[in-house]
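Structure assessment
Residue-level listing of the chains:
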Amino acid sequence: RKTNAELSFCVLSLVQKPVSNNYNTKSGNLVMYKRKLQALNFHHPESFDANNEKEFRTLVVWLEDQKIRHYTVDDRAGLRDVDSAAWQDSLSQFLRDLNCPIEFRKHLSVLDWLLGYAIRLEYGDNVEKYQRVVQLTEQAQQADEPAANQAVIDPDSAEFKAGVSTLAKLLDLPQHSDHAYLFRAVRRLIEDRLSTRALQQAALVGGKKEESFALTKTELGFDTGDMALNEAAKILRLLHISELRHLQTNINQIIVAVQALTANPKTDQRLGKVGR
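Numbering of residues starts from 1 in each chain and follows the order in which that chain's sequence is written. Totals for whole chains, interfaces and linings use all residues, but because this is a predicted model, local features are given only for residues with pLDDT of at least 70 and pairs of side-chain atoms are given and counted only at 80 or more. Where side-chain values are given, they derive from all heavy atoms of the structure, hydrogens and water being excluded.

Thoughts on helix α9 (residues 179-194)
Working note: α-helix, 3.6 residues per turn, so residues spaced by three or four point in the same direction. Under the convention used in this document: Helix and strand labels come from DSSP, where a helix needs a run of H or I of at least four residues and a strand needs a run of E of at least two; each type is numbered from the N terminus. Here the expected length of a helix is defined as 1.5 Å per residue gap, with one fewer gap than residues. With a 1.4 Å probe rolled over the protein chains alone, any residue whose accessible area is under 20% of its type maximum counts as buried; one over 50% counts as exposed, and the rest are partly exposed. Taking the helix axis as origin, the arc is that swept by the directions to the C-beta atoms. Whether two residues touch is decided by their heavy atoms; if any such pair falls within 4.5 Å, the residues are in contact. Here a polar contact means two N or O atoms within 3.5 Å. Within protein one must be a hydrogen donor candidate and the other an acceptor candidate, and residues neighboring in sequence count only if both atoms are side-chain atoms.
For α9, with 16 residues, the first-to-last C-alpha span of 21 Å sits near the 22 Å given by 1.5 Å per residue. Among the residues making up α9, those that are buried are His179, Leu182 and Val186. Viewed along the axis of α9, the buried residues span an arc of 60°, placing them on a single side of the element. Tucked inside the fold, the buried residues of α9 contact α8 (158-170). In this structure Asp178 caps α9, since a side-chain oxygen of it lies 3.0 Å from the backbone nitrogen of Ala180.

Here you go:
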């Protein structure tokens, strides 16, 4: 398996393949060169026209000045004189010095090769930077992709409904026609009774088992005139009492923690004072 660096080098090598000189429409040139020019931070990649002789010469000079830098500044004078009649000779010599396999008159192929050559140099000067970009991109893709072993659950499937019903039976919960409502009840019971926090709280009170009692033996304290409403009111009242008990338990724990700090003073005889 190739490393990221090797794969990146292979991609950069591919862009050095010459293109056909018959590919000479303006829209085609934009598509072919835009990404490479953007990768090199060229100032106007969208409007560049490779068929324009002046723009072609200007880009060759820019590549040598900013990216390739094969010549010294003084030796670039021939290339920089883009209006000279001898500019083609300077281009030919420049390509020979770079060991370019493309004949200098095939401007589109030459330009494609020069862009690929410049990108390879740019990558070589900043290998660690681009490797980090590849790593960050891969990490982002892995974060976006669901895990291979993560099951996709359809809450409306028959299997899901059967599973919720089975859980409710195991937890001694009454069945309900709405499986979503029943699932919320299962979740609530697990959080209140079987979660890590619930088990820790149970250990604090000595692991005493809660007593159960029949709802019919519970006094409501008033009568609504409807048996169903009376039963519902009893349930709401018991839930409220349960929440108050949890609140009182939390308050007691806070009091105990504070007393552990304030009710156990230490005496420092050297200072002649009592307390912390």
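Describing the packing of α8 against α9
Our working definition: In this description, a line fitted to the C-alpha atoms serves as the axis of each element, helices being fitted only across the stretch in contact, and the angle between N-to-C directions of two axes falls anywhere from 0 to 180 degrees. Convention used here: angles under 35 degrees read as roughly parallel, angles over 145 as roughly antiparallel, angles from 65 to 115 as roughly perpendicular, and any remaining angle as oblique. Definitions for this section: a left-handed crossing has its near helix turned counterclockwise from the far helix by less than a right angle. A right-handed crossing has that turn clockwise. For this classification, the nonpolar set comprises Ala, Val, Leu, Ile, Met, Phe, Trp, Tyr, Cys and Pro, the charged set comprises Asp, Glu, Lys and Arg, and every other residue, Gly included, is treated as polar.
With their axes 10 Å apart at the nearest point, α8 and α9 run at an angle of 40° to one another. On the basis of the axis angle, α8 is oblique to α9. In the crossing of α8 with α9, the sense of the turn from one axis to the other is left-handed. Counting all contacts with α8, which are made through Phe160, Lys161, Val164, Ser165, Leu167 and Ala168, the residues of α9 involved are His179, Leu182, Phe183 and Val186. When grouped by side-chain class, the residues that make up the contact of α8 with α9 number 7 nonpolar, 2 polar and 1 charged.

Some thoughts on the packing of aromatic side chains
Stated precisely, the cut-off is as follows: Aromatic pairs are defined between Phe, Tyr and Trp rings, using the six-membered ring for Trp, whenever the two ring centres lie within 6.5 Å; interplanar angles under 30 degrees are classed as stacked, those over 60 as edge-to-face, and all others as tilted.
Applying the stated rule across the entire model yields 6 aromatic pairs. With centroids separated by 5.0 Å and ring planes inclined at 75°, the aromatic side chains of Phe42 and Trp62 adopt a geometry described as edge-to-face. Taken together, the residues Phe42 in the loop between α2 (26-39) and α3 (53-68) and Trp62 in helix α3 connect sequence positions 20 residues apart. Where Trp113 meets Tyr117, the ring centres are 5.1 Å apart and the plane angle is 10°; that geometry is what we call stacked. Of this pair, Trp113 and Tyr117 both sit in helix α6 (residues 107-125), 4 residues apart, roughly one helical turn. Aromatic rings pair up to connect Phe42, Phe48 and Trp62 into one cluster.

Brief notes about the packing of α3 against helix α5 (residues 87-97)
At a minimum axis distance of 12 Å, the contact between α3 and α5 shows a crossing angle of 40°. Accordingly, the angle class assigned to the pair α3 and α5 is oblique. Seen from above, α3 lies across α5 with left-handed handedness. Between α3, through Glu53, Phe56, Arg57, Val60, Glu64 and Ile68, and α5, the contact on the second element is made entirely by Trp87, Gln88, Leu91 and Phe94.

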